[in-house]
Amino acid sequence: FRSVGGGILLLGAVVAFTMTEPKVSETRERPPYWSLITQSTRLVTSLPTVRYMILLYAIMGVASIAPIVFFQPFLTDHGVPLGQLGFYQVPVRVLAIVGALAAYRAVSAWGEHRVIYLLPILSVASYAVLGLWDSIGAAAIFPIMAMTLSMARPVVTSYLNQRVPSEQRATVLSLGELTYSLVMASFMPVMGAISDRASLGASFW
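In this report, we go over the structure that sits alongside the text. (Residues numbered from 1 in each chain as written. Predicted model: local features only at pLDDT ≥ 70, side-chain atom pairs only at ≥ 80, totals over all residues. Heavy atoms only, no water.)

### Some thoughts on the nonpolar core
And then number 1: With 49 residues, the main nonpolar core has F74, L130, F142 and F204 as its most contacted residues.
And then number 2: Sorting elements by how many residues they give to this core places helix α7 (residues 141-163) first, with 11 residues.
And then number 3: Sequence-distant contacts of L130, defined by excluding residues within four places in its chain, comprise F74, A138, I141, F142, M145, G201 and F204. (Core = buried A, V, L, I, M, F, W, Y, C linked by side-chain atoms within 4.5 Å. Buried < 20%, exposed > 50% of the residue type's maximum accessible area, 1.4 Å probe, protein only. Helix = DSSP H or I, 4+ residues; strand = E, 2+ residues; numbered from the N terminus. Contact = heavy atoms within 4.5 Å.)

### Re the environment of I68
And then number 1: Tracing the sequence through the fold places I68 in helix α4 (residues 65-77).
And then number 2: Each C-alpha atom of the pair I68 and S40 lies 31 Å from the other, and the pair is 28 residues apart in sequence.

### Brief notes about the packing of α4 against helix α8 (residues 169-197)
And then number 1: The contact between α4 and α8 brings their axes to 13 Å, and the two run at 30°. If you check the angle between α4 and α8, you find them roughly parallel. Seen along the crossing, α4 lies across α8 with a hand that is right-handed. Contacts between α4 and α8 involve I65, V69 and F70 from the first element and M184, M188, M191 and S195 from the second.
And then number 2: Class assignment for the residues of the contact of α4 with α8 results in 6 nonpolar, 1 polar and no charged. (Axes fitted to C-alpha atoms, helices over the stretch in contact; angles between N-to-C directions. Parallel < 35°, antiparallel > 145°, perpendicular 65-115°, else oblique. Left-handed = near helix turned anticlockwise from the far one by under 90°. Nonpolar A, V, L, I, M, F, W, Y, C, P; charged D, E, K, R; others polar.)

### Regarding the packing of aromatic side chains
And then number 1: A complete count under the given rule lists 6 aromatic pairs for this structure.
And then number 2: Residues F70 and F204 carry aromatic rings whose centres are separated by 6.0 Å and whose planes lie at 85° to one another, so their mutual orientation is edge-to-face. Here F70, found in helix α4, pairs with F204, found in helix α9 (residues 200-204); they are 134 residues apart in sequence, far enough to count as distant.
And then number 3: Judged by relative accessible area, which is 4%, F204 ranks as buried.
And then number 4: Note on F142 and F204: the rings are 6.4 Å apart at their centroids and 70° apart in plane angle, and the pair reads as edge-to-face. Of this pair, F142 sits in helix α7 while F204 is found in helix α9, placing the two residues 62 residues apart along the sequence.
And then number 5: Owing to a relative accessible area of 0%, F142 belongs among the buried residues under this scheme.
And then number 6: Positioned over the ring face of Y52 is R51, at 5.0 Å from the centre of the ring. (Phe/Tyr/Trp six-rings, centres within 6.5 Å; stacked < 30°, edge-to-face > 60°. Lys NZ or Arg CZ within 6 Å of the ring centre and 35° of its normal.)

### Concerning helix α5 (residues 85-110)
In an α-helix, one full turn covers 3.6 residues, which means residues spaced three or four apart are oriented alike.
And then number 1: Here α5 spans 35 Å end to end across 26 residues, near enough to the 38 Å set by a 1.5 Å rise per residue.
And then number 2: At A102, α5 shows its largest kink, close to 45°.
And then number 3: Every buried residue of α5 is listed here: L85, V92, G99, A103 and A106.
And then number 4: The inward-facing, buried residues of α5 contact α4, α6 (112-132) and α7.
And then number 5: Immediately downstream of α5, the backbone of G111 shows phi near 100°, a positive value. (Expected span 1.5 Å × (residues − 1). Bend = angle between axes of the 7 residues up to and from the residue.)

### Examining the pattern of salt bridges
And then number 1: In this structure the tally under the stated criterion is 2 salt bridges.
And then number 2: The salt bridge involving R163 is made with E112; its shortest N-O contact spans 3.5 Å. Of this pair, R163 sits in helix α7 while E112 sits in helix α6; the two residues are 51 residues apart in sequence, bridging distant segments of the chain.
And then number 3: Using a relative accessible area of 29% as the deciding quantity, one classes R163 as partly exposed.
And then number 4: Owing to a relative accessible area of 15%, E112 belongs among the buried residues under this scheme.
And then number 5: A salt bridge links E177 to R153, with the nearest nitrogen and oxygen atoms 2.9 Å apart. Here E177 is found in helix α8, whereas its partner R153 is found in helix α7, with 24 residues between them in sequence. (Salt bridge = Lys/Arg side-chain N within 4 Å of Asp/Glu carboxyl O.)

### Focus on the packing of helix α3 (residues 48-63) against α8
And then number 1: Taken N-terminus to C-terminus, the directions of α3 and α8 make an angle of 45°; their axes are 8 Å apart at the nearest point. With respect to their mutual orientation, α3 and α8 come out oblique. Judged by the sense of rotation from one axis to the other, the crossing of α3 with α8 is right-handed. Every residue of α8 that contacts α3 at V50, I54, Y57, A58, G61 and V62 is listed here: V172, L175, G176, E177, T179, Y180, V183, M184 and F187.
And then number 2: When grouped by side-chain class, the residues that make up the contact of α3 with α8 number 11 nonpolar, 3 polar and 1 charged.

What follows is the structure, encoded as structure tokens:
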């Protein structure tokens, strides 16, 4: 399995090195780096739609830790041998891919705002099931959660791209990643401590 995983990463590296960016003719002078950061921060704090979407971006990112960090302890607690973990991960990864590919189709079918409201609701419901149902059968929730959370990133990114000027998009998205990292740094030790001292179910709650 490690050889297959390494081969896939090597293939990804080959694809990345073959990418080329189109030449863009600069028609206006770019603002200084710190000026751009200041302008982007002011934009995020002044526009509620952008501000709250950055916060949602961070929270949904933190919500994605369950299928990644707590999947293996959950299976181990329910008697699944460590050697079988890879087989249980297959549906999680597959549905994560499906979610990312289906994001724009969902937006086209149901509307952007409905999808944005639906994603955190599904995420909360998934955590609630994991908190209530202490059984190996609850492992079926992890693929659903992975699909939901993989849909969130392209939907939220598209929402922000439509509302942020092109010269500030990269900086605003970077602020989103920074917010996500700060929230993650706060939540991870707390969830780990709760899991160790109480239970995984308590950490899901």
